[in-house]
Amino acid sequence: MCGIVGYIGNLDSKEILLKGLEKLEYRGYDSAGIAVMNDNGVQVFKEKGRIADLRSIVDEDVMANTGIGHTRWATHGVPSTVNAHPHQSNSGRFTLVHNGVIENYDILKREYLQGVALQSDTDTEIIVQLIDLFVSEGLSTEEAFRKTLTLLKGSYAIALLDAENNETIFVAKNKSPLLVGLGETFNVVASDAMAMLQVTDQYVELMDKEIVIVTKDAVQIQTLNGEAISRDPYTAELDASDIEKGTYPHYMLKEIDEQPLVMRKIIQKYQNDQDELTIDQEIVDAMNDADRIYIIAAGTSYHAGLVGKQFIEKIAKIPVEVHISSEFGYNMPLLSEKPLFIFISQSGETADSRAVLVNIKEMGHKALTITNVPGSTLSREADYTLLLHAGPEIAVASTKAYTAQIAVLSILAEVTAKSRGLELDFNLVQELGIVANAMEVLCDAKEEFEDIARKFLSTTRNAFFIGRGIDFYVGLEGALKLKEISYIQAEGFAGGELKHGTIALIENGTPIIALATQESVNLSIRGNVKEVVARGANPCIISMKGLETEEDSFIIPEVNELLTPLISVIPLQLISYFAALHRECDVDKPRNLAKSVTVE
Ligand code: M6R
């Protein structure tokens, strides 16, 4: 949550910072700001709302070769111009942007800043006021920065300007993501390489509790104690076109349409020269050593984990538990003797999941991260990584990452099963190929999904998704998609659970979206539909070819029953998209949300 950028070099920094922030807007978008520094000092521009609002207030005549910027997802203090970053110390000398949460800000305020009139309600302002205080007591900026960092508890990615030194940006990181980008005559700072791809594809990863002194010619990484660290840069393998919308009106629609391509890419990436699916032997060994697997994830990734459990149990015959990461810390189950943890996270930065990872690593357990972002925190800190190869996912609502997660989990299950000598009655490569073709058929049927959205969801205040077995899990994802982008209250239920309470909510016209893709429960789920129809519900049945009846609203192509989540979710993604569009919601940046949830 929150995105930060910084530039120091020969060019005017304003436009580079603003463009960078536009690329980071997915991380938070309730307010934004930049601070630029030249020989006349530092000028701050900040505004409530989107980067476009910020852009409209930036003075185009100000020229400055150094600057920092921030797009905010509020934690402490309401979204407002005052609470927007950058924050300045009362003397005006120091200006700072921060991503993360300072847990002990109140204690620090009482201990060090009595009598300092704070301007905002943020935890961040404490940092900049402390630095100013320590400098006023005689420390150099670098010493004051270090001293302040040692006092902070919590997470931070920080970029700091000192008005008396316009040749340096001071940078630090702990738990929140931050990269330094390298150029010939400049250097940059960014929460995500995407932001600064406009000027460089060379980046250096920063580790927790490191600080960096960035000038236009040099990047000095140090520990908090001042020991120099040398680290090679890597090339960010992002294609600029991957992060543009192109001709699409929304990233979400583009990302839905990319799913067939992503399926094919995953098959290709996980195939060896003999066209067999393969993963690192040490991951297979870790799977085989485990007596139980614990999948830890949040939101959509959790829903993918529920499907993954089915694959690993049914195909590889290893017991699996799936846990919501934010709950795991309080409700840790009695662990088995030889657990293996699998973290599923599109971003690889989700703070709730990371907290579990840190905890189970301390307990000495092994962890595998399945993520879309190589080099992300969860990837770096786990023992093993499997990549999704889905390309950047920018819309807040996750779509292609969900199907990529499920595909990678199916490959993990298949390769593990084969290594255990288990016979499979299908060829996964072929089945995933059939899935990719079926996805194309669904992506081409947008008009039908637009009609369904109009018919069932244009005026409703709530909607229910029902299914049995694996369809129930897809229903949970469908409900999350619909609620997060259209603000229709939507819930997913197991068909059999309806009678145990939820059916009381059914009124005349209540939309029920029922999934019927599993032969073994087809009659039961249709029985559940009859029960709600008898109470006035408006049913939209999405079934699979071979199981259809005349009453169905849409029939998806036939694929292997276990893999149906890969395609049955596409109608739900598209129906949610069109429902949000009809309601004139901001599809890519729904209210109150951010793409990467880096606070617990
Ligand atoms: O990056 P992660 O996969 O760890 O993110 C987890 C959730 O925050 C994420 O899936 C969220 O639920 C999406 N907005 C859903 O569309």
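All of these numbers come straight from a predicted model, not from anything done at the bench. Sequence positions are assigned chain by chain, starting from 1 and proceeding in written order. The predicted nature of this model means local features are confined to residues of pLDDT at least 70 and side-chain atom pairs, given and counted, to a pLDDT of 80 or more, with totals for whole chains, interfaces and linings taken over all residues. By convention in this description, side-chain values take in all heavy atoms of the structure and omit both hydrogens and water.

Draft legend 1. Spatial organisation of the packing of aromatic side chains. Two aromatic rings, drawn from Phe, Tyr or Trp (for Trp, its six-membered ring), form a pair once their centres lie within 6.5 Å of each other, and the interplanar angle then sorts them: stacked below 30 degrees, edge-to-face above 60, tilted otherwise. Considering all chains together, one arrives at 11 aromatic pairs under this definition. Seen in terms of ring centroids, Phe449 and Phe554 are 4.5 Å apart; in terms of plane orientation they differ by 45 degrees. Their pairing is tilted. Linking Phe449 in helix α16 (residues 446-457) with Phe554 in strand β25 (residues 554-556), this pair joins segments that are 105 residues apart in sequence. With respect to burial, Phe449 and Phe554 carry one shared label: buried. Through a chain of ring-to-ring contacts, three or more aromatic side chains come together here, namely Tyr294, Phe328, Phe341 and Phe343. By definition here, charges over rings are those cases where NZ of Lys or CZ of Arg is within 6 Å of the ring centre and within 35 degrees of the ring normal. We note Lys147 situated over the ring of Phe134; from NZ or CZ to the ring centre the distance is 4.3 Å. Positioned over the ring face of Tyr487 is Arg591, at 3.8 Å from the centre of the ring. Helix numbers and strand numbers start at the N terminus; a helix is a DSSP run of H or I with at least 4 residues, a strand a run of E with at least 2. Accessibility here uses a 1.4 Å probe with only protein chains present; expressed as a share of the type maximum, an area under 20% marks a residue as buried, one over 50% as exposed, and anything in between as partly exposed.

Draft legend 2. Just the environment of Ala240, in detail. Along the chain, the position of Ala240 falls in the loop between β15 (234-235) and α7 (251-257). By relative accessible area, which is 44% here, Ala240 ends up partly exposed. When the C-alpha atoms of Ala240 and Asp201 are compared, they prove to be 10.0 Å apart, with 39 residues separating the residues in sequence.

Draft legend 3. Structural detail: the nonpolar core. Grouped together as the largest cluster of nonpolar side chains are 133 residues, with contacts concentrated most on Ile293, Ile312 and Ile342. With 12 residues, helix α14 (residues 400-419) is the single largest residue contributor to this core. With residues near it in sequence (within four places) discarded, Ile312 still touches Met287, Ile293, Ile295, Lys317, Ile318, Val320, Ile342, Leu409 and Ala413. As used in this record, nonpolar core signifies buried Ala, Val, Leu, Ile, Met, Phe, Trp, Tyr and Cys residues forming a set joined through side-chain atoms within 4.5 Å. Grouped together as the second largest cluster of nonpolar side chains are 24 residues, Leu108, Phe145, Ile211 and Leu224 included. Between two residues, a contact is recorded if the distance between any of their heavy atoms is within 4.5 Å.

Draft legend 4. Spatial organisation of the sheet that holds strand β3 (residues 41-48). Here we have eight strands laid out as an open sheet, ordered β3-β2-β4-β1-β10-β9-β11-β15, and antiparallel in their pairing. Bordering the open sheet on either side are β3 and β15, each of which pairs with just one other strand. Each pair of strands is called paired provided DSSP finds at least two bridges between the two strands. As judged from the four bridges shared by strand β1 (residues 3-8) and strand β10 (residues 187-190), these two strands associate in the antiparallel manner. By the bridge assignment, Val5 is partnered in β10 with Ala190. Taken strand by strand, helix α1 (residues 13-24) contacts β1, β2 (31-38) and β4 (66-72), and its axis lies near 155 degrees from that of β1. Where helices are involved, their axes are fitted lines through C-alpha atoms of the stretch in contact, as for all axes, and angles between N-to-C directions lie from 0 to 180°.

Draft legend 5. Molecular detail of the site of the ligand. Nearness of a residue to a molecule or strand requires only that one of the residue's heavy atoms be within 4 Å of it. Lining the immediate environment of the ligand, one finds 15 residues, of which Ser301, Ser345, Ser347, Thr350 and Glu484 sit closest. N or O atoms within 3.5 Å of each other form a polar contact, as long as, within protein, one can give a hydrogen and the other can take it, and as long as residues adjacent in sequence are counted only when both atoms are side-chain atoms. One of the backbone N or O atoms of Thr300 is found 3.1 Å from an oxygen atom in the ligand. At a separation of 3.0 Å, a nitrogen atom of the ligand approaches a polar backbone atom of Val396. Every element with two or more residues in the shell around the ligand is listed here: α10 (299-316) and α17 (470-486). For this classification, the nonpolar set comprises Ala, Val, Leu, Ile, Met, Phe, Trp, Tyr, Cys and Pro, the charged set comprises Asp, Glu, Lys and Arg, and every other residue, Gly included, is treated as polar. When grouped by side-chain class, the residues that make up the shell around the ligand number five nonpolar, eight polar and two charged.

Draft legend 6. Local environment of the packing of helix α9 (residues 281-289) against α14. It is the contact of α9 with α14, at a shortest axis distance of 10 Å, that shows an interaxial angle of 75 degrees. Between α9 and α14, the angle is such that the two are roughly perpendicular. Note on element contacts: α14 touches α9 through Leu412, Val415, Thr416 and Ser419, opposite Ile283, Val284, Met287 and Asn288. The labels follow the angle: roughly parallel below 35 degrees, roughly antiparallel above 145, roughly perpendicular from 65 to 115, and oblique for the rest.

Draft legend 7. Geometry of α9. All of the buried residues in α9 are Ile283, Val284, Ala286 and Met287. For α9, the angular spread of the buried residues around the axis is 160 degrees, confining them to a single face. In α9, those exposed residues whose orientation departs by more than 90 degrees from the buried face are Gln281 and Asp289. Tucked into the core, α9 has its buried residues touching β16 (292-297), α10, β18 (339-345), β19 (366-371), β20 (384-387) and α14. This arc corresponds to the set of directions leading from the helix axis out to the C-beta atoms.

Draft legend 8. How the structure looks around the sheet that holds strand β23 (residues 511-516). Ordered by their spatial adjacency, five strands build an open sheet running β22-β21-β23-β24-β25, and the pairing between neighbours is parallel. At either margin of the open sheet sits one strand with a lone partner, and together these are β22 (489-494) and β25. Here the strands of the sheet are splayed against their neighbours by 20 degrees on average, with no regard to which way each runs. Where strand β21 (residues 462-467) meets β22, six bridges bridge the pair, whose relative direction is parallel. Bridging across to β22, Asn462 finds its partner in Gln489. Across the sheet, helix α18 (residues 522-533) touches β21, β23 and β24 (538-544), and the angle it forms with β23 is around 170 degrees.

Draft legend 9. Broad picture of the packing of α16 against helix α19 (residues 564-582). Between α16 and α19, whose axes approach to 8 Å, the crossing angle comes to 60 degrees. The angle between α16 and α19 falls in the class oblique. Classified by chirality, the crossing of α19 by α16 is right-handed. Of the residues in α19, those touching α16 at Lys446, Phe449, Glu450, Ile452, Ala453, Arg454 and Leu457 are Pro571, Leu574, Ile575, Phe578, Ala579 and His582. By convention the crossing between two helices is left-handed if the near helix lies anticlockwise of the far one by an angle smaller than a right angle, and right-handed if it lies clockwise.

Draft legend 10. Seen up close, the environment of Gly92. Inspection of the secondary structure puts Gly92 in the loop between β5 (87-88) and β6 (94-99). Using a relative accessible area of 28% as the deciding quantity, one classes Gly92 as partly exposed.

Draft legend 11. View of the pairing of β19. Most of β19 sits out of view: five of its six residues are buried. Sheet analysis places β18 next to β19, joined by six bridges and oriented parallel. Counted as the bridge partner of Leu340 is Lys366 from β19. Note on handedness: a crossover is taken as right-handed if, strands pointing away from the viewer, the path from the first strand over the helix to the second is clockwise. Running through helix α12 (residues 351-362), the crossover from β18 to the neighbouring parallel element β19 is right-handed. Of the pairings in the sheet, the one linking β19 to β20 comprises four bridges and is parallel in character. Across the sheet, residue Thr369 finds its bridge partner in β20, namely Thr385.

Draft legend 12. Just the side chain of Ser191, in detail. Note on placement: Ser191 falls in the loop between β10 and α6 (193-196). Engagement of the side chain of Ser191 in a polar contact is seen with the backbone nitrogen of Ile4, the distance being 2.7 Å. When sequence neighbours within four positions are dropped, the list of residues in contact with Ser191 reads Cys2, Gly3, Ile4, Leu24, Arg27, Pro177 and Leu178.

Draft legend 13. How the structure looks around unusual backbone geometry. For the peptide bond that leads from His85 to Pro86, omega is 0 degrees, which places it in the cis range. Note that Pro86 resides in the loop between β4 and β5. Of note in the backbone geometry, His389 takes a positive phi value of approximately 55 degrees without being a glycine. Even without a glycine there, the phi angle at Glu584 is positive, about 60 degrees. When you line up the elements, Glu584 lands in the segment after α19. Looking at Glu584, the relative accessible area reads 72%, which means it is exposed.

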